[in-house]
Amino acid sequence: MTGGLEGYDAVAEANAQKSVLAIHWSRICERLKAEVGEVEYRTWLRQITVGPVEEDEITLYLPTRFLRDWVRGQYGDRLGTLWNAEVPAIRRVELQVARPGSASATPPADGAAAPAAVAREEAAPRAPAPAPVAEEPRQAEVRSDLAAPLDPRFTFDTFVVGKPNEFAYACARRVAERPSSPGFNPLFLYGGVGLGKTHLMHAIGAELLREGRVSVAYMSAEKFMYRFIAAIRSQSTMEFKEQLRSVDVLMIDDLQFLIGKDNTQEEFFHTFNALVDAGRQIVVSADKSPSDLSGLEDRLRTRLGCGMVADIHATTFELRISILEAKASASGVVVPAKVLEFLAHKITSNVRELEGALNRLIAHANLFGRPVTLEATQDVLHDILKAHDRRVTIEEIQRKVAEHWNIRLTDMSSARRARAVARPRQVAMYLAKQLTSRSLPEIGRKFGNRDHTTVMHAVTRVTELMEQDPAFAEDVELLRRMLES
Ligand code: ADP
Ligand code: MG
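Starting afresh in each chain, residues are numbered from 1 along the sequence in its written order. Starting at A for chains and at 1 for ligands, labels are handed out in the order in which the entities are written. Local features in this predicted model are restricted to residues of pLDDT 70 or higher, and side-chain atom pairs are both shown and tallied only at a pLDDT of 80 or more, whereas totals for entire chains, interfaces and linings draw on every residue. Values reported for side chains reflect all heavy atoms of the structure, with hydrogen atoms and water molecules removed beforehand.

1. With respect to the overall build of the protein
Numbering goes from the N terminus for both helices and strands, where a helix is a DSSP run of H or I of at least four residues and a strand is a run of E of at least two. Of regular secondary structure, the protein possesses 20 helices and eight strands. Across the 485 residues that make up the protein, the buried fraction comes to 50%. Working rule for contacts: check all heavy atoms of both residues, and any pair within 4.5 Å makes them a contact. Summarising the internal contacts of the protein: among those between residues at least 6 apart in sequence, 75% fall at separations of at least 24. Accessible surface, the protein: about 22600 Å² in total, of which carbon and sulfur atoms supply 49%. Working definition: with a 1.4 Å probe on protein chains only, accessible area under 20% of the residue-type maximum means buried, over 50% means exposed, and in between means partly exposed. In short, Shrake-Rupley with a 1.4 Å probe defines the accessible areas, and a residue's cover is counted only from the protein chains shown.

Below, the structure is given as structure tokens:
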């Protein structure tokens, strides 16, 4: 494993802090609404936005002096009590006048929502009210006339490498070192949501810009389409084409967006050809491999598959732990190994969610100066954890596992002991133990009335095999992810 997270920054932390406060605030609002009634709440209290916490005091904002005075007079004490009950470290409430959303709701520099910025917003749970705490990430120097800014946090240094992503990482590094090498053009990165595609593309961009030799344009496929449509409307398609064709490296993120958008696809195809023919580098990402992107024109799919195709696999437990360790240590907050393991077990869907959960924990620890413990984690993250505790049924598990290994569903309960059948059955038992709250005897009953010791043996065996065989481990993780999503 390589990669550190020197770049862990205050912005992510401040955002997470905001989201922690927002969760507390939304609970307080529920109580207030119940206490004072909907009408009263809407008239006076709904306009409050949450500001920063300093020592034991939280600042709340109201849009006008009048509202501030009224709320202070009528509800000041109550607000103080409720905050204190929710967060004992908060002992005082300060009410101030501020325009709602004046500080934190500033849009990214280029006016349109940058894909990178959007991705960040998804990472943190949405806050009901904007809180004037943090600023947006700064914009790097890219071809800002036609591209989106690069997120300075997404570099090779901050990317944690493990089995599931080492190939994609190596390809990305290689392209950043020597763009347009034969065999690596285009570079096509694909994988599920939140597994690091955008991160790697920005890292390539950042690296190339650091060298300062080339011009780089990065944009989402969606933005590509909007730029193209805008160019048609303003009759400036020639200019748009020329601009695109003048860059050394063009990166288009989430290409699957172009499915069904025939004209834009056509334009992209021509741009693509013109650039590759001129010896420029193309980097593309998508959620599927070129051959699985049905709905893209055949000739485009063919060309996309002509360079290097690299997939990012679902994370393994090991990679999740490494990522958490790196991010926790960069944050400076001590997070016990037990907590990291708990998170890596519970949040398996993708890195974005994992990161969001950890950021929230770190923010909570910094905000209230309390050590991170397992109990605190369960409390602070209870909403996230609940969402991941979705009830999966044993039948669902059996069906998915049977499909995955191409065996009959009835073999889950049959007496057949051939390895080809017995192994998937063991995996299904293992997943049933991991993903449901059923007891061993209950699980055994669902698998053709087997004894609970058989289930126990299956759990041990699968755990061992996962340690020995990374490919097998990945299969099991993938199944788990599918069942949990
Ligand atoms: P995608 O574009 O594949 O949906 P992103 O690149 O936006 O995913 O990644 C989601 C979040 O997870 C980002 O904050 C990113 O920095 C983080 N992330 C993903 N993979 C890794 C990794 N291997 N190491 C560190 N951070 C990662
Ligand atoms: Mg992305």
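2. Details of the UniProt feature "binding site: ATP" (unreviewed entry) in the protein
UniProt positions are given in the numbering used here, feature names are shortened, and annotations may be inferred rather than shown by experiment. UniProt feature "binding site: ATP" (unreviewed entry): in the numbering of this structure it lies at Gly194, Gly196, Lys197 and Thr198. Accessibility expressed as a relative area gives 7% for Lys197, which makes it buried. Filtering out sequence-adjacent residues up to four positions away, Lys197 remains in contact with Leu189, Tyr190, Gly191, Gly192, Asp254, Ser285, Ala286 and Ile312. One polar contact links the side chain of Lys197 to the main-chain carbonyl oxygen of Gly192, over a distance of 2.8 Å. On the secondary structure map, Thr198 appears in helix α6 (residues 197-211). Two N or O atoms count as a polar contact when they lie within 3.5 Å, although within protein this holds only if one can serve as hydrogen donor and the other as acceptor, and sequence-adjacent residues are included solely when both atoms are side-chain atoms.

3. Remarks on the sheet that holds strand β1 (residues 49-54)
The strand order across the open sheet formed by three strands is β1-β2-β3, and the pairing between neighbours is mixed. Looking along the sheet, the strands with just one partner apiece sit at the ends: β1 and β3 (92-97). On average, each strand axis in the sheet is inclined to that of its neighbour by 25°, with strand direction left out of account. By this definition, two strands are paired if DSSP reports at least two bridges between them. Direction of pairing for strand β2 (residues 57-62) relative to β3: parallel, over a ladder of six bridges. Opposite Tyr61, over in β3, you have Gln96 as the bridge partner. Relative to β3, helix α3 (residues 65-86) is tilted by about 160°, and along the sheet it contacts β1, β2 and β3. Fitting a line to C-alpha atoms yields each axis, with helices limited to the stretch in contact; the angle taken between N-to-C directions then spans 0 to 180 degrees.

4. Some thoughts on the side chain of Glu207
Mapped onto the secondary structure, Glu207 falls in helix α6. Within polar-contact distance, the side chain of Glu207 engages the side chain of Arg210 at 2.7 Å.

5. As for the sheet that holds strand β4 (residues 187-191)
One open sheet holds the five strands; their spatial order is β5-β6-β7-β4-β8, and the pairing between them is parallel. Because the sheet does not close on itself, it has two edges, and the strands there are β5 (216-220) and β8 (308-312). For this sheet the average axis-to-axis angle between neighbouring strands, irrespective of direction, equals 15°. With five bridges joining them, β4 and β8 adopt parallel strand pairing. If you follow Leu187 over to β8, its bridge partner there is Met308.

6. Topic: the nonpolar core
Counting 29 residues, the largest nonpolar core has Ile397 and Leu431 as its most contacted members. Breaking this core down by element, the ones donating at least two residues are α16 (394-404), α17 (419-435), α18 (440-446), α19 (452-468) and α20 (470-484). When sequence neighbours within four positions are dropped, the list of residues in contact with Leu431 reads Ile397, Val401, Thr436, Val476, Leu479, Arg480 and Leu483. The criterion is simple. A nonpolar core is a set of buried Ala, Val, Leu, Ile, Met, Phe, Trp, Tyr and Cys residues joined through side-chain atoms within 4.5 Å. Leu195, Ile204, Val283 and Met308 belong to the second largest nonpolar core, which has 28 residues in total.

7. Observations concerning the packing of α16 against α20
Closest axis-to-axis distance for the α16/α20 pair is 11 Å, and the angle between their directions is 135°. Taken together, the axes of α16 and α20 are oblique relative to one another. For the pair α16 and α20, the sense of crossing is right-handed. Facing Glu396, Ile397, Lys400, Val401 and His404 of α16, the residues of α20 in contact are Asp475, Leu478, Leu479, Met482 and Leu483. Residues are sorted three ways: Asp, Glu, Lys and Arg are charged, Ala, Val, Leu, Ile, Met, Phe, Trp, Tyr, Cys and Pro are nonpolar, and all the rest, Gly among them, are polar. For the contact of α16 with α20, a count of residues per class yields six nonpolar, one polar and three charged. In this scheme, roughly parallel covers angles under 35 degrees and roughly antiparallel covers those over 145, while 65 to 115 is roughly perpendicular and the rest are oblique. Should the near helix be turned anticlockwise from the far one by less than a right angle, the crossing is left-handed, and should it be turned clockwise, the crossing is right-handed.

8. Here we look at the site of ligand 1
Around ligand 1, the structure places 19 residues, and the nearest of them are Val160, Gly194, Thr198, His199 and Glu355. Measuring from a nitrogen atom of ligand 1, one finds a backbone N or O atom of Val160 at 2.8 Å. Burial of ligand 1 by the protein chains amounts to 97% of its free accessible area of 550 Å². Among the secondary structure elements, those contributing two or more residues to the shell around ligand 1 are α6, α11 (317-331) and α13 (351-368). Across the shell around ligand 1, the residue classes tally to seven nonpolar, seven polar and five charged. Residue ranges assigned to the domains are those given by an automatic or database domain assignment. Of the residues that make up the shell around ligand 1, three or more belong to each of domain 2 (148-312) and domain 3 (317-387). Being near a molecule or strand, for a residue, means having at least one of its heavy atoms within 4 Å of it.

9. Some words on the environment of Ala420
Its place among the elements puts Ala420 in helix α17. On the accessibility criterion, Ala420 (54% relative accessible area) is exposed. C-alpha of Ala420 to C-alpha of Asn406: the two residues are 14 residues apart in sequence and 9.5 Å apart in space.

10. What to know about the side chain of Thr377
Along the chain, Thr377 falls in helix α14 (residues 374-380). The buried category is assigned to Thr377, whose relative accessible area is 0%. A polar side-chain atom of Thr377 sits 2.7 Å from the main-chain carbonyl oxygen of Thr373. Look past the residues within four positions of Thr377 in its chain and what remains in contact with it is Val339, Phe342, Leu343, Leu361, Val372 and Leu385.

11. Topic: unusual backbone geometry
Omega for the bond connecting Asn185 with Pro186 falls within 30 degrees of zero, at 0°, which places this linkage in the cis form. At Ser180, a position not held by glycine, the phi torsion is positive, near 65°. Within the secondary structure layout, Ser180 lies in the loop between α5 (166-177) and β4. Judged by relative accessible area, which is 25%, Ser180 ranks as partly exposed. Backbone geometry at Asn449 places phi at a positive 55°, although glycine is not the residue there. If you trace the backbone, Asn449 turns up in the loop between α18 and α19.

12. Side note on the packing of aromatic side chains
Centre-to-centre distance and the angle between the planes together describe a pair of aromatic rings. Note on ring pairs: Phe, Tyr and Trp rings are taken, using the six-membered ring of Trp, and paired if centres are within 6.5 Å. Classes follow the plane angle, with under 30 degrees stacked, over 60 edge-to-face and the rest tilted. The final tally for this structure, using the stated rule, is eight aromatic pairs. Ring centres of Phe188 and Tyr190 lie 6.3 Å apart, and the angle between their planes is 55°; this geometry places the pair in the tilted category. Through a chain of ring-to-ring contacts, three or more aromatic side chains come together here, namely Phe224, Phe228, Phe240, Phe268 and Phe272. Stacked on the ring of Phe257, the Lys or Arg Lys261 has its end atom at 4.1 Å from the ring centre. Two conditions define a charge sitting above a ring: the NZ of Lys or the CZ of Arg must be within 6 Å of the ring centre, and it must be within 35 degrees of the ring normal.

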